[in-house]
Amino acid sequence: MVSLEPPPRPPSPTARASKALSLSEAMALVPSEAFVALGGLWFQNNPSAAVHELMRQGTGDLTIVAAPPSSYAVDVLIGAGAVRTAYLAHVSFDHLGMAPNFRRAAETGSVEIIDGDEALILGGLMATLEALPHHPVHSVKGTDLLRRSPLSGPPGQGVAAPVAMRPDICLLHAQEADVYGNVRYDGTPFCDPLLAKASRKVIVCVDRIVDNDEIRRDPRRTVIPGYLVDAVVETPYGAHPCASQGRYAHDEKHLAAYIAAGRSVAQWRDEYLEPYVLEPRTSDQYLTAVGGAARIERLASEVS
């Protein structure tokens, strides 16, 4: 009997490969001594789950850069002793207080802090996008930054010219992506697209992986296209204790306890690093340690 069914279609030689990895697999792509860019802005969209996994894997001796103003992801990496050099403009916990580990590192010199302002740091990233050795920045004219900041670049006619900055790895947190790395944000992406474009590799943690058909139905919502992304990781609540725009708010009680524990290195390691970062080996264990998913879902009502 002749079959009327069409023959099975052979796999397309140009079919796209999934970029979805587990958190441990993705963070294994980040070697010690790498230059790492950290996304987010203050309490929003910090790649918290990513930096926790870096510390569990013992990744260290990093150079980091973060878009100003930064907070948790930067401070926790510094506190864990994973950072050698940091290109930073502002690190704090806004109205909750100063960033204890960053402040201590700057005061003691345990981390080389390359000081600048937002324009100087972003100017270095812009130079990379422009394929230029330097990017002119006029906004710091008349300030001490032009004279004192290593980021100001070679002197010339009173205009700063930060050198091109090209991170090895960019770590981001967003709300949605498909398995091919097409990334959506539910709010402003801040400097994340710039960090992604300037970096050699990009790893994005998202609260939810969605089907590619959904991405294709509304392509205007894609903020970072898949060709820029090397790995995507589904990490529900992966920005906690910071906020993920449109999903959950930042955890003020947790962050206040973090700052209080930072009065000394030993206290911070005993009361924060061990119980909340190193001991939980999975995302589910971390969620249990911080009170569970239901508590995170209620955070918006606690801070409103």
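I will try to describe carefully the structure that is included in this document. Since the model is a prediction, treat every value here as computed from it, not as a measurement.

1. Some details on the overall build of the protein chain
- Of the regular secondary structure elements, the protein chain holds 13 helices and nine strands.
- Taking 2.2 N^0.38 as the reference for a compact globule, 304 residues should give roughly 19 Å; the C-alpha atoms of the protein chain span a radius of gyration of 21 Å, in line with that estimate.
- Expressed as lengths along the three principal axes of its C-alpha atoms, the size of the protein chain is roughly 85 × 50 × 35 Å.
- Taking all 304 residues of the protein chain together, 50% fall into the buried category.

2. Some words on the packing of aromatic side chains
- Inspection of every chain in the model, using the stated rule, returns ten aromatic pairs.
- Measuring from ring centre to ring centre gives 6.0 Å for Trp268 and Tyr272, while their planes differ by 25°; the resulting arrangement is stacked. With a gap of four residues between them, Trp268 and Tyr272 both fall in helix H10 (residues 265–278), about one helical turn apart.
- Overall, the relative accessible area of 2% leaves Tyr272 in the buried class.
- Members of the aromatic cluster, connected to one another through ring pairs, are Phe43, Tyr72, Phe93, Tyr258, Trp268, Tyr272 and Tyr276.

3. Let's talk about the pattern of salt bridges
- For the structure shown, the criterion picks out 13 salt bridges.
- A salt bridge links Arg56 to Glu53, with the shortest nitrogen-to-oxygen separation between them at 3.0 Å. With Arg56 and Glu53 both in helix H2 (residues 48–56), this residue pair falls three residues apart, about one helical turn.
- Note that Glu176 and Arg247 form a salt bridge whose closest N and O atoms lie 2.9 Å from each other. Separated by 71 residues along the polypeptide, Glu176 in strand E5 (residues 169–177) and Arg247 in the loop between strand E9 (231–234) and helix H9 (252–261) bring together distant segments of the chain.
- Salt bridges sharing common partners tie together Glu176, Arg184, Asp186, Arg208, Glu214, Arg221 and Arg247.

4. So, the layout of surface pockets
- The volume enclosed by the largest pocket comes to roughly 170 Å³.
- What lines the largest pocket is a set of 13 residues, and nearest its centre among them are Ile78, Gly79, Arg104, Ser110 and Val265.
- Taken together, the residues of the lining of the largest pocket break down into six nonpolar, five polar and two charged.

5. Observations regarding empty space enclosed by the protein
- Under the definition given, this model contains two cavities of 30 Å³ or more.
- Each pocket or cavity is described by its volume, and for the largest cavity that value is around 120 Å³.
- Those elements that place two or more of their residues in the lining of the largest cavity are H2 and helix H11 (283–289).
- Element by element, the count of residues in the lining of the largest cavity is highest for H2, at four residues.
- Per-class residue counts for the lining of the largest cavity are six nonpolar, seven polar and one charged.
- If you add up the space inside the second largest cavity, you get close to 50 Å³.

6. Some details on unusual backbone geometry
- A cis amide bond, omega -10°, links Pro68 with the succeeding residue Pro69.
- Along the polypeptide, Pro69 turns up in the loop between strand E2 (62–66) and helix H3 (72–79).
- The step from His240 to Pro241 runs through a cis peptide bond, and the omega angle for that step is 15°.
- Within the element layout of this structure, Pro241 appears in the loop between E9 and H9.

7. A short note on the nonpolar core
- Among the nonpolar cores identified, the biggest contains 47 residues, and Val36, Leu38, Ile64, Leu171 and Ile203 are the most heavily contacted of them.
- Leave out the neighbours within four places in its chain, and Ile203 touches Ala26, Met27, Leu29, Val30, Ile169, Cys170, Leu171, Leu172, Ala231 and Val233.
- With 32 residues, the next largest nonpolar core counts Phe35, Cys170, Leu195 and Ala196 among its residues.

8. Some remarks on the environment of Leu54
- Looking at where Leu54 falls in the secondary structure, it is placed in helix H2.
- As for Leu54 and Ser32, which are separated by 22 residues in sequence, their C-alpha atoms are 9.4 Å apart.

9. Quick notes on the packing of H3 against helix H4 (residues 100–108)
- Contact geometry for H3 and H4: axes closest at 7 Å, N-to-C directions at 55°. Overall, the two elements H3 and H4 adopt an arrangement that is oblique. In the packing of H3 onto H4, the handedness of the crossing is left-handed. Across the interface between the two elements, Asp75, Ile78 and Gly79 from H3 touch Pro100, Asn101, Phe102 and Ala105 from H4.
- For the contact of H3 with H4, the class distribution of residues is four nonpolar, two polar and one charged.

About the criteria used
Residues numbered from 1 in each chain as written. Predicted model: local features only at pLDDT ≥ 70, side-chain atom pairs only at ≥ 80, totals over all residues. Heavy atoms only, no water. Helix = DSSP H or I, 4+ residues; strand = E, 2+ residues; numbered from the N terminus. Rg over C-alpha atoms; globule rule 2.2 N^0.38 Å. Buried < 20%, exposed > 50% of the residue type's maximum accessible area, 1.4 Å probe, protein only. Phe/Tyr/Trp six-rings, centres within 6.5 Å; stacked < 30°, edge-to-face > 60°. Salt bridge = Lys/Arg side-chain N within 4 Å of Asp/Glu carboxyl O. 1 Å grid on protein atoms, 1.4 Å probe; cavity = no way out; pocket = protein on both sides within 12 Å on 5 of 7 lines; lining within 4 Å. Points joined across faces, edges and corners; volume = space filled by probe spheres on them. Nonpolar A, V, L, I, M, F, W, Y, C, P; charged D, E, K, R; others polar. Core = buried A, V, L, I, M, F, W, Y, C linked by side-chain atoms within 4.5 Å. Contact = heavy atoms within 4.5 Å. Axes fitted to C-alpha atoms, helices over the stretch in contact; angles between N-to-C directions. Parallel < 35°, antiparallel > 145°, perpendicular 65-115°, else oblique. Left-handed = near helix turned anticlockwise from the far one by under 90°.

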